[in-house]
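Fold and geometry: a report
Next come the chains, spelled out residue by residue.
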Amino acid sequence: MTEYKPPLNDIRLVLNEISDISRLCDLPGYEHVDVETIDGVLEELGRFAAEVVSPVNKIGDQEGCSVSDGVVTMPKEFGEAWDHFVDSGWGAISQDPDYGGGGFPLAIHTVLTELLATASRAWSMGPMLTAGAIDCLHTFSDESQKEVFLPKLVAGEWSGTMNLTEPQAGSDVGALTTKAVPQDDGTYRIFGTKIFITFGEHELVENIIQLVLARTPDSPPGTKGISCFIVPKYLVQDDGSLGERNDYRCLSLEHKLGLHASPTCVISYGENGDGAVGYLIGEEHQGMRYMFKMMNNARLGVGVEGLAVAERALQQASSFALDRRQGKAVGAEAGEQSLIIEHPDVRRMLLTMRAYTDAMRCILYANAATLDLAKSHPESEERQLASDRAELLTPISKAWCTDLGVEMTSLGIQVHGGYGYIEETGAAQHLRDSRISPIYEGTNGIQAIDLVGRKLRMNEGKVIRDLLDEINDFTESLNQHGEEFATIRSNLADSLQAVEEATAWLTEKGTEDPIQAISGATPYLRMLGQLVGGWFLARLAIGAKNNENIGDPDFRNSKMTVAKFYAEQLLPLTRAQLGAVTAGSSDLFAVPEELFSI
Amino acid sequence: MDVVVCVKQIPDPADPGELNPDTKTLKRDTKLILDESDSYGVEMALQLVDAAGSGEVRLVSMTPGGETGGLRTALAMGAESAILVSDEALAGSDALSTAKVLAAAIKRSNPDLILTATESSDGYTGTVPEQIAELLDLPSVTFGKEVAVDGELATVKRQTESGYDVVECPLPAVISVTAGVVEPRYPSFKGIMAAKNKPVEELDLSALGIDPQTVGWAGARQEITEIADSPAREAGEVVVDEGEAHERIMAFLDDLKVL
Ligand SMILES: Cc1cc2nc3c(=O)[nH]c(=O)nc-3n(C[C@H](O)[C@H](O)[C@H](O)COP(=O)(O)OP(=O)(O)OC[C@H]3O[C@@H](n4cnc5c(N)ncnc54)[C@H](O)[C@@H]3O)c2cc1C
Ligand SMILES: Cc1cc2nc3c(=O)[nH]c(=O)nc-3n(C[C@H](O)[C@H](O)[C@H](O)COP(=O)(O)OP(=O)(O)OC[C@H]3O[C@@H](n4cnc5c(N)ncnc54)[C@H](O)[C@@H]3O)c2cc1C
């Protein structure tokens, strides 16, 4: 397996050109952050990811994790890397300074997520879920809860989880039945079984803070009756020290396609009969509302996983292609076998991976920047605009990027030929590790429905309208950039036209007959992602010309090639989705269900 | 206990740049980083100060152009402050000139201990530490792999070809430490942020009271007469194992006098 080289120049360029990082540094609250500081931070963070986290990736895949008598065992290297993580304090980078955080923009948290997830997807699940728990507590819990839990979580000394899923309640969170019984002292007792809980039990840290969705007695059915609770593994005493073990247990771990060393736990609350002690976050019955508020951050984070696996697969495939000799490339001298990178088809695969990886990074980092603006811009109108844009981009970040993560890791295997299918090279691990991201944090099917059903209707369609207008203005402005951009311009215009048609069709049908619109949701998300990716890559190519301090000329020129390749060879796939979007539901339901039964 | 660590800032070995054919020296126009050899001295100094319970780690560096990238890394690891000497008259400085400058900078405070690496990664003459000791009239201990301090006395394990010697010497002293003897810590996020505000005092020759004629090209006693490309790597010898390969490998290594 090749080592991981953090793509710092790519990240810098995207932060500059797409996230407009210097504008983010000017927002209130980020006074202590400037581009130079960020540069220094990226350097060390990259070194940490490459030297400390990346080496555990394959070990985790091979050793996995196990549970015995409620105690989860992971590779010892996972623990060592975690200890380094705590010492280094990287988890705190974008957290609130009041609780020990570094107060950097969210866009920089996105860099952290990318670097850790590319270094080791399985290991990075711990910090990722912990960040989610911090987000929830920070936004919704009361001050005394924050003081007890946040500093330790921010420091990485404790880890966090999200406990939503139950066997009958996956996508349909409202079907959950875990109970929370109020006590006289204001606490609750939790009873029930959760499944698929990532990092739900392990020994890497001294305490685990479970955030559990449950129902109080007589709560309304469905999502309206869900409340959210803090359930620590060890109860925290008044002086901050750890007391009694709470009444829950990890019953088993799932055996999975990938992420072998990330424990996916079945957890039973209230095994001993007393119930696990839980503390209500915010108000009763508001749990689902809280989850919705946190969703943008969490979904962006999962989208970054798609980028991470693609980047890792690309690095691996590139170095393999520069080493493996096979066949004679056209025009090569007789005698020696050619490097496979000299074959046009291998080049096509590598450039495809490069282009999609760059496009994903642009979409994700743009999305992160909108979240920063939505949070911190001094003017409420700007905050609202940014927040609307974030809402629109989020399902694309999550679904487009994670679908592509799977496709690109598969292509990475293809570059390796048979050696990719053999575990030894490590190429297969990336594909296996990539496959979960389209499923959890709202399946990609549900992301598409969210896009078509909710996001297109926001402000009576103005939010999507603004985005398409912006792409249109940009496309026209490409005139000033000369012949070099001619095909980018014409293909962006054509793809935009296709998306316009699809959007108009969905908007009309969505009101008339929702099932027609929902039937085309997935191809619509794909086409919108494809268009937005092409738009950003063209902007990145222009930006690369203006950023002479980032990377060398070959690097900067390559961004023009990438934008052109994408526009000419990948962007046309946008229009190809149009038929699927506007086909409606008739064929989908024309085949009777019986014919699917075997 | 106060420790001064001499740290050299060098071009990134991953992006080494090139030689200037006129002066036969390295073009130093790329970004400079902390010489990895010196990260061990920094780590050791931090551990010694930690063990002593008080005192601080200070850095001294001579670098063209006022570059501080490498110093910031060492400050982020935990050093408290730095002295950076830059002066156009220092261009062309040989090892002795470098030692003069470093010695003068070290003298500005009264450290209990001065640590250096045994040799730098780019120049590797391995002579600067001993020259600093001589100029400051201090004991010099080289090739330290373990250093313990007890009051006014340092006990040093010195790496030798066959193992190590244990030597003692009174403080203050100049001790050079070999690479790889401690695990340099990663700069933490907080350390990086704190380093932004740590003092880096920039000095020129006049501030140090050094006559420009005694250093740089003017004062150099070392001359680079020729530079040449390193010889291309020759093809290795392939030993096919037909049962006796180990004997041939042993004979080969014996010839190289590495056994
Ligand atoms: C490795 C791993 C880690 C996980 N970590 C966590 C965790 O930390 N915490 C946690 O709470 N959960 C976690 N999960 C659970 C995960 O979030 C769920 O698996 C996911 O929400 C899907 O639910 P499900 O598995 O029940 O699938 P289902 O909901 O049964 O979905 C099956 C299929 O039906 C489709 N579908 C379902 N409903 C609809 C609908 N309304 N419209 C259209 N299509 C629909 C889905 O898109 C999917 O294709 C994890 C799962 C795994 C495998
Ligand atoms: C021809 C020539 C031109 C030069 N031009 C310049 C110039 O323009 N500007 C300039 O600043 N230097 C210049 N130098 C100095 C050179 O870079 C070295 O610092 C010096 O020669 C020491 O040699 P070395 O690296 O072999 O040290 P070694 O003896 O191998 O180093 C041992 C240890 O001493 C310490 N040390 C060595 N050098 C320094 C340093 N500079 N700062 C802090 N600690 C140090 C480090 O701990 C190092 O690990 C020049 C040298 C030569 C020979």
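In this convention, every chain numbers its residues from 1, walking through the sequence in written order. Chains carry letters from A onward and ligands carry numbers from 1 onward, assigned in written order. Thresholds applied to this predicted model are a pLDDT of at least 70 for local features of residues and 80 or more for the giving and counting of side-chain atom pairs; totals over whole chains, interfaces and linings are not thresholded and use all residues.

1. A word on the overall build of chain B
Helices and strands together make up the secondary structure of chain B, namely 8 helices and 13 strands. With respect to the three principal axes, the spread of C-alpha positions in chain B is 65 × 50 × 40 Å. When burial is assessed residue by residue, chain B has 38% of its 259 residues classed as buried. Note on contacts: residues are paired as contacts if their backbone-placed C-beta atoms lie within 7 Å. The long-range fraction of contacts in chain B, counting pairs at least 24 apart against all pairs at least 6 apart in sequence, stands at 71%. Only runs of H or I of at least four residues qualify as helices and only runs of E of at least two qualify as strands under DSSP, and these elements are numbered from the N terminus. The exposure label follows from counting other C-beta atoms within 10 Å of a residue's C-beta, where the C-beta atoms are placed from the backbone and the thresholds are 20 or more for buried and 12 or fewer for exposed, leaving partly exposed in between.

2. Thoughts on the overall build of chain A
The helix and strand inventory of chain A stands at 22 helices and 12 strands. For the radius of gyration, the atom set is restricted to C-alpha positions; the globular benchmark scales as 2.2 Å times the number of residues to the power 0.38. For chain A, whose C-alpha radius of gyration is 24 Å, the value lies close to the compact-globule estimate of 25 Å for 598 residues. Each principal axis of the C-alpha distribution contributes one length, and for chain A these read about 80 × 65 × 60 Å. Long-range pairs, those at least 24 residues apart, make up 76% of the contacts in chain A between residues at least 6 apart in sequence.

3. With respect to the site of ligand 2
Residue and element names in this part refer to chain B. The C-beta atom of each residue is placed using the backbone, and any residue whose C-beta lies within 6 Å of a molecule or strand is treated as near it. Looking at ligand 2, there are 32 residues lining it, with Thr116, Ala117, Gly123, Thr125 and Val128 nearest. Only α1 (36-52), β6 (57-62), α3 (95-107), β8 (113-117) and α4 (128-136) provide two or more residues apiece to the shell around ligand 2. In terms of residue count, the dominant contributor to the shell around ligand 2 is α3 (3 residues). Within the shell around ligand 2, the residues separate by chemical class into 13 nonpolar, 14 polar and 5 charged. As a working rule, the residues Ala, Val, Leu, Ile, Met, Phe, Trp, Tyr, Cys and Pro are called nonpolar, Asp, Glu, Lys and Arg charged, and the rest polar, with Gly in that last group.

4. With respect to the site of ligand 1
All names here are of chain A. In the vicinity of ligand 1 there are 20 residues, among which Leu164, Gly170, Ser171, Thr198 and Thr443 approach most closely. Of all the elements in the fold, those that place two or more residues in the shell around ligand 1 are β3 (158-163), β5 (188-198) and α14 (444-455). Partitioning the shell around ligand 1 into residue classes produces 10 nonpolar, 9 polar and 1 charged.

5. Concerning the interface of chain A and chain B
Chain A puts 14 residues into the contact, and the matching count from chain B is 9 residues. Of all the secondary structure elements, the ones that give two or more residues to the side of chain A that touches chain B are α3 (35-53) and α5 (76-88) of chain A. Broken down by element, the side of chain A that touches chain B gets its largest block of residues, 6 residues, from α3 of chain A. A class-by-class count of the residues in the side of chain A that touches chain B yields 5 nonpolar, 6 polar and 3 charged.

6. Remarks on helix α6 (residues 106-119) of chain A
Between the first and last residue of a helix there are one fewer steps than residues, each counted as 1.5 Å, and that sum is the expected span. With 14 residues, α6 of chain A should cover 20 Å at 1.5 Å per step; its first-to-last C-alpha distance of 20 Å lies within 8% of that length. Extensive coverage of α6 of chain A is indicated by the burial of 14 of its 14 residues.

7. Re the pairing of strand β11 (residues 164-170) of chain B
Two faces, one strand: in a regular strand the side chains alternate between the faces of the sheet. Residue and element names in this part refer to chain B. Of all 7 residues making up β11, only 0 are buried, and the element is barely covered by its neighbours. One requirement defines pairing of two strands: DSSP has to find at least two bridges between them. Bridge analysis of strand β10 (residues 153-159) against β11 gives 7 bridges, and the strand direction is antiparallel. Paired with lysine 157 across the two strands is valine 166, which belongs to β11. As consecutive antiparallel partners, β10 and β11 are separated by 4 residues.

8. Considerations on the sheet that holds strand β13 (residues 200-203) of chain B
Hydrogen bonding along the main chain pairs the strands of a sheet, whether they run parallel or antiparallel. Residue and element names in this part refer to chain B. The strand order across the open sheet formed by 9 strands is β11-β10-β9-β12-β8-β1-β6-β7-β13, and the pairing between neighbours is mixed. If you trace the sheet from one side to the other, it starts and ends with β11 and β13, each paired once. Averaged over all pairs of adjacent strands, the angle between strand axes in this sheet comes to 30 degrees, irrespective of strand direction. One ladder, built from 3 bridges, connects strand β9 (residues 140-150) with strand β12 (residues 174-177); its direction is parallel. Paired with glycine 144 across the bridge in β12 is valine 177. Most of the contacts of α1 go to β8, to which it runs at about 155 degrees, and overall it touches β1 (3-6), β6, β8, β9 and β12. The axes used here are C-alpha line fits, helices contributing only the stretch in contact, and every angle between their N-to-C directions lies in the interval 0 to 180 degrees.

9. A short note on the environment of glutamate 3 of chain A
Residue and element names in this part refer to chain A. Counting through the fold element by element, glutamate 3 comes out in the segment before α1 (8-17). Here glutamate 3 falls in the exposed class, since 11 other C-beta atoms lie within 10 Å of it. Other than its neighbours up to four places away in sequence, glutamate 3 contacts Ala50 and Ser54.

10. Some thoughts on helix α13 (residues 427-434) of chain A
Residues and elements named next belong to chain A. Of all 8 residues in α13, 7 are buried, a share of seventy percent or more. Turning to α13, its buried residues number three or more, namely Ala427, Ala428, Gln429, His430, Leu431, Asp433 and Ser434. Tucked into the core, α13 has its buried residues touching α4 (56-63), α7 (121-140), α9 (287-321), α11 (380-416) and α12 (418-421).

11. Comments concerning the environment of tyrosine 421 of chain A
All names here are of chain A. Its place among the elements puts tyrosine 421 in helix α12. Expressed as a C-alpha distance, the spacing of tyrosine 421 and tyrosine 290, which sit 131 residues apart in the sequence, is 43 Å. Setting aside residues up to four positions removed in sequence, tyrosine 421 forms contacts with Ile413 and Ala428.

12. Some remarks on unusual backbone geometry
Between leucine 171 of chain B and proline 172 of chain B the backbone carries a cis peptide bond, its omega angle lying at -5 degrees. Here proline 172 of chain B is to be found in the loop between β11 and β12. Unusually for a residue other than glycine, aspartate 218 of chain A sits at a positive phi of about 60 degrees. Here aspartate 218 of chain A is to be found in the loop between β6 (207-215) and β7 (226-232). Here the phi dihedral of asparagine 459 of chain A falls at roughly 50 degrees; this positive angle occurs in a residue that is not glycine. The topology assignment puts asparagine 459 of chain A in the loop between α14 and α15 (462-477).

13. Notes on the nonpolar core
Put simply, a nonpolar core is a cluster of buried Ala, Val, Leu, Ile, Met, Phe, Trp, Tyr and Cys residues tied together by C-beta atoms within 7 Å. Formed by 239 residues in total, the largest nonpolar core has its most connected members in Phe229, Ile363, Tyr524 and Leu537 of chain A together with Val5 and Leu102 of chain B. Top contributing element to this core by residue count: helix α10 (residues 344-376) of chain A, with 18 residues. Not counting the four nearest positions on each side in its chain, tyrosine 524 of chain A is found in contact with Ala448, Leu451, Val452, Ala502, Leu506 and Val581 of chain A.

14. What to know about the packing of helix α18 (residues 521-546) of chain A against helix α19 (residues 553-570) of chain A
Residue and element names in this part refer to chain A. For the pair α18 and α19, the least separation of the axes is 8 Å and the interaxial angle reads 155 degrees. Relative to α19, the element α18 lies roughly antiparallel. In terms of crossing hand, the pair formed by α18 and α19 is left-handed. Across the interface between the two elements, Gly534, Leu537, Ala538, Leu540, Ala541, Ala544 and Lys545 from α18 touch Arg556, Lys559, Met560, Val562, Ala563, Tyr566 and Ala567 from α19. In terms of residue class, the contact of α18 with α19 is made up of 10 nonpolar, 1 polar and 3 charged. The scheme is simple: roughly parallel for angles under 35 degrees, roughly antiparallel for over 145, roughly perpendicular for 65 to 115, oblique for anything else. Here a crossing is called left-handed whenever its near helix is offset anticlockwise from the far helix by less than a right angle, and right-handed whenever the offset is clockwise.

15. Remarks on the packing of α1 of chain A against α3 of chain A
Residues and elements named next belong to chain A. At a minimum axis distance of 11 Å, the contact between α1 and α3 shows a crossing angle of 140 degrees. Classed by the angle they form, the pair α1 and α3 counts as oblique. Here α1 and α3 pass one another in a crossing that is right-handed. Packed against α1, whose contacting residues are Leu8, Ile11 and Arg12, the element α3 presents Leu42, Glu43 and Gly46 at the interface. Tallied by class, residues from the contact of α1 with α3 come to 3 nonpolar, 1 polar and 2 charged.

16. Considerations on the confidence of the model for chain B
As a per-residue measure, pLDDT tells how confident the predictor is, with possible values from 0 to 100. Of all residues in chain B, 99% have pLDDT values of 70 or greater, and the mean over the chain is 91. Predicted as a complex, the structure gets a pTM of 0.91 and an ipTM equal to 0.84.

17. A closer look at the pairing of β6 of chain A
All names here are of chain A. Among the 9 residues of β6, 8 are classified as buried, and the element is accordingly described as predominantly covered. Relative to β6, β3 is paired through 6 bridges, and the arrangement is parallel. When the bridges of β6 are listed, asparagine 163 appears paired with valine 212. Of the pairings in the sheet, the one linking β6 to β7 comprises 7 bridges and is antiparallel in character. Each bridged residue has a counterpart across the sheet, and for alanine 214 the counterpart in β7 is serine 227.

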